[in-house]
There are 2 protein chains.
Amino acid sequence: MKIAVSLALALSAATLAPPASAQFAKAEDAIKYRQSALTVLGTHFGRLGAMANGRAPYDAAIAAADADVVAIAARLPWHAFGPGTDTGRPTAARPEIWKEQATFKDRGEKMQAEVAKLVPAAKSGNLNQLKAAFGPAAQSCKACHDDFRKK
Amino acid sequence: MKIAVSLALALSAATLAPPASAQFAKAEDAIKYRQSALTVLGTHFGRLGAMANGRAPYDAAIAAADADVVAIAARLPWHAFGPGTDTGRPTAARPEIWKEQATFKDRGEKMQAEVAKLVPAAKSGNLNQLKAAFGPAAQSCKACHDDFRKK
């Protein structure tokens, strides 16, 4: 499991390279895919948050499984924001995503870097380590949502 | 070590065990989550199929990343089929899921076992190994869809 996850983290960058046109038949498919990846990401991130904020008991094994899913899911949405995927299905993606590509890319990379830190923190067995990693990770989500997601 | 590993596996399986009520605030959330996990799974599985069937060039690194996502995503939907999640949002899930739990669980476990074989096959660098693993994996998806997904 850990090996598979590490390999995915190491290799999945390769799947982010091709434009959406090469990966999705229709813009609608790209939008549905990125929304799905973000739903999975948000669900497991929310569970880590419940532990970090004391709304759920901290269990290192459960937290580790959630963090592994979060780290994988965090890699997925980006290649589905390709040219022409701003419309085709209802989406909260703001046009700024395609006008400020460098900023959007930077926000996405910062988010992936922060959530990657959740994996060792979640597995540490030390709730304070999970709390310390969760705050910056949550901020990295918010930073992108504030500028690039419709209110 | 073996004990630690088995224990870790047993505990991480615990994330799949709790009823939806313990993991999702509303049935609607559980349905949206499982649909999202299956969309991510299907997207990356489809990319492996394109390589296996010669519609896309075989690239071991890309195939490996897709297979890793498939293997992780294949573990996710099941805990979102808990009691009371048969309605709450449009869903293709058939009532038989909740009437034939043992069969549904068995189909899910068979699917996870088959897609797990895609990971080493995809990474092998040998397209024939990917083809050999893809067929049974696709059959394991179809077997569940045939009985438990609305046409």
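What counts, and where the lines are drawn
- Residues numbered from 1 in each chain as written.
- Chains lettered and ligands numbered in written order.
- Predicted model: local features only at pLDDT ≥ 70, side-chain atom pairs only at ≥ 80, totals over all residues.
- Heavy atoms only, no water.
- Helix = DSSP H or I, 4+ residues; strand = E, 2+ residues; numbered from the N terminus.
- Contact = heavy atoms within 4.5 Å.
- Areas by Shrake-Rupley, 256 points an atom, 1.4 Å probe, with all protein chains shown as cover.
- Buried < 20%, exposed > 50% of the residue type's maximum accessible area, 1.4 Å probe, protein only.
- Core = buried A, V, L, I, M, F, W, Y, C linked by side-chain atoms within 4.5 Å.
- Axes fitted to C-alpha atoms, helices over the stretch in contact; angles between N-to-C directions.
- Parallel < 35°, antiparallel > 145°, perpendicular 65-115°, else oblique.
- Left-handed = near helix turned anticlockwise from the far one by under 90°.
- Nonpolar A, V, L, I, M, F, W, Y, C, P; charged D, E, K, R; others polar.
- Phe/Tyr/Trp six-rings, centres within 6.5 Å; stacked < 30°, edge-to-face > 60°.
- Lys NZ or Arg CZ within 6 Å of the ring centre and 35° of its normal.
- Expected span 1.5 Å × (residues − 1).
- Polar contact = N/O pair within 3.5 Å; in protein donor to acceptor, adjacent residues only side chain to side chain.
- Salt bridge = Lys/Arg side-chain N within 4 Å of Asp/Glu carboxyl O.
- Disulfide = S-S within 2.5 Å.
- pLDDT = per-residue confidence, 0-100.
- Patch = residues over 30% accessible without salt bridge, like charges linked within 9 Å, V, L, I, M, F, W, Y side chains within 5 Å.
- Lys, Arg positive; Asp, Glu negative; His and termini not counted.
- Charge placed at Lys NZ, Arg CZ, Asp CG, Glu CD.

J.: Would you mind going over the overall build of chain A with me for this structure?
T.: Across its full length, chain A holds nine helices and zero strands. For chain A, restricting intrachain contacts to residue pairs at least 6 apart in sequence, the fraction spanning at least 24 positions comes to 77%. With the model as given, the accessible surface of chain A reaches about 7000 Å², and the carbon-plus-sulfur share is 58%.

J.: Even after reading the chapter, I still don't get the environment of Ala65(B), so can you show me in this structure?
T.: Residue and element names in this part refer to chain B. Tracing the chain through its elements places Ala 65 in helix α4 (residues 60-73). A relative accessible area of 1% places Ala 65 in the buried class. The spatial distance from the C-alpha of Ala 65 to the C-alpha of Val 119 is 8.5 Å, given a sequence separation of 54 residues.

J.: Just checking my understanding: could you explain the nonpolar core for this structure?
T.: Within the largest apolar cluster, 76 residues are counted, with the highest numbers of intra-cluster contacts made by Leu48(A), Leu118(A), Leu48(B) and Leu118(B). Every residue in contact with Leu118(A), bar those within four places of it in the chain, is listed here: Phe45(A), Leu48(A), Ala67(A), Val70(A), Leu130(A), Ala133(A), Phe134(A) and Ala137(A).

J.: Would you mind showing me how to read the packing of helix α3 (residues 27-52) of chain B against helix α8 (residues 127-148) of chain B here?
T.: For any two helices packed against each other, the geometry comes down to the angle between their axes and how far apart the axes lie. Residues and elements named next belong to chain B. Put simply, α3 and α8 touch, their axes get as near as 9 Å, and they point 135° apart. Put simply, α3 runs oblique to α8. Between α3 and α8 lies a crossing of left-handed hand. Of α8, the residues touching α3 (which contributes Phe 45, Leu 48, Gly 49, Met 51 and Ala 52) are Leu 127, Leu 130, Lys 131, Phe 134, Ala 137, Ala 138 and Cys 141. Among the residues forming the contact of α3 with α8, the class breakdown is ten nonpolar, one polar and one charged.

J.: Whenever I open this one, the packing of aromatic side chains confuses me. Can you help?
T.: Remark: the centre distance and the inter-plane angle together describe each pair of aromatic rings, the angle taken between the planes. Scanning the entire structure with this criterion turns up 14 aromatic pairs over all chains. Centre to centre, the rings of Phe104(B) and Phe148(B) are 5.3 Å apart; their planes meet at 75°, and the pair counts as edge-to-face. Of this pair, Phe104(B) sits in helix α6 (residues 101-116) while Phe148(B) sits in helix α8, and the two are 44 residues apart along the sequence. Across the pair, exposure class does not vary: Phe104(B) and Phe148(B) are buried alike. Here the aromatic cluster, defined as three or more aromatic residues joined through ring pairs, consists of Trp78(A), Phe81(A), Trp98(A), Phe104(A) and Phe148(A). Its end group placed over the ring of Tyr33(A), Arg47(B) keeps NZ or CZ at 5.6 Å from the ring centre.

J.: I'm lost on helix α5 (residues 60-73) of chain A in this one. Help?
T.: Given 3.6 residues per helical turn, the α-helix brings residues three or four places apart onto the same face. Residues and elements named next belong to chain A. The first and last C-alpha atoms of α5 sit 20 Å apart over 14 residues, in line with the 20 Å expected at 1.5 Å per residue. Burial of α5 is extensive: twelve of the 14 residues sit out of reach of the surface. Within the span of α5, buried status applies to Ala 61, Ala 63, Ala 64, Ala 65, Asp 66, Ala 67, Asp 68, Val 69, Val 70, Ala 71, Ile 72 and Ala 73. One side-chain oxygen at the N-terminal end of α5 lies 2.9 Å from the backbone nitrogen of Ala 61; it belongs to Asp 59.

J.: Even after reading the chapter, I still don't get the pattern of salt bridges, so can you show me in this structure?
T.: Pairs can form between side chains of opposite charge whenever their charged atoms are close. All names here are of chain A. Taken as a whole and judged by the stated rule, the model has 16 salt bridges over all chains. The salt bridge involving Asp 68 is made with Lys 123; its shortest N-O contact spans 3.2 Å. Here the residue Asp 68 occupies a position in helix α5, and Lys 123 occupies one in helix α8 (residues 118-123), the gap between them amounting to 55 residues. A residue is classified by how much of its surface remains accessible, and Asp 68, at 4% relative accessible area, is buried. Residue Arg 107 pairs with Asp 147 through a salt bridge whose shortest N-O separation is 2.8 Å. A residue pair is termed long-range when its members are at least 10 positions apart, and Arg 107 in helix α7 (residues 101-116) and Asp 147 in helix α9 (residues 127-148) qualify at 40 residues.

J.: I'm lost on the state of the cysteines in this one. Help?
T.: By definition, a disulfide links the sulfur atoms of two cysteine residues through a covalent bond. All names here are of chain A. With the rule as written, the count across this model stands at zero disulfides over all chains. The structure places no disulfide on Cys 141, whose sulfur is separated from the nearest cysteine sulfur, that of Cys 144, by 8.7 Å. For Cys 141, a relative accessible area of 17% corresponds to the buried category.

J.: Looking at this model, I keep getting lost on the confidence of the model for chain A. Mind explaining?
T.: Low pLDDT marks stretches whose predicted atomic positions should not be read closely. Residues and elements named next belong to chain A. The share of residues in chain A with pLDDT of 70 or more is 85%, and the mean pLDDT across the chain is 89. Within the model, pLDDT remains below 50 along residues 1-21, and this stretch shows 34 contacts once partners closer than five positions in the same chain are excluded. Here the prediction assigns the complex a pTM of 0.87, and the interface score ipTM is 0.86.

J.: Please clarify how the environment of Phe104(A) should be interpreted in this entry.
T.: Residues and elements named next belong to chain A. When its relative accessible area of 7% is taken as the criterion, Phe 104 is described as buried. As for Phe 104 and Trp 78, which are separated by 26 residues in sequence, their C-alpha atoms are 9.4 Å apart. What Phe 104 contacts, discounting residues up to four positions off in sequence, is Trp 78, Phe 81, Ile 97, Cys 144 and Phe 148.

J.: Explain a positive patch on the surface to me, please; I cannot follow it from the model alone.
T.: On the surface, a cluster of positive charge is contributed by Lys32(A), Arg89(A), Lys32(B) and Arg89(B). When you line up the elements, Lys32(A) lands in helix α4 (residues 27-52). Using a relative accessible area of 38% as the deciding quantity, one classes Lys32(A) as partly exposed.

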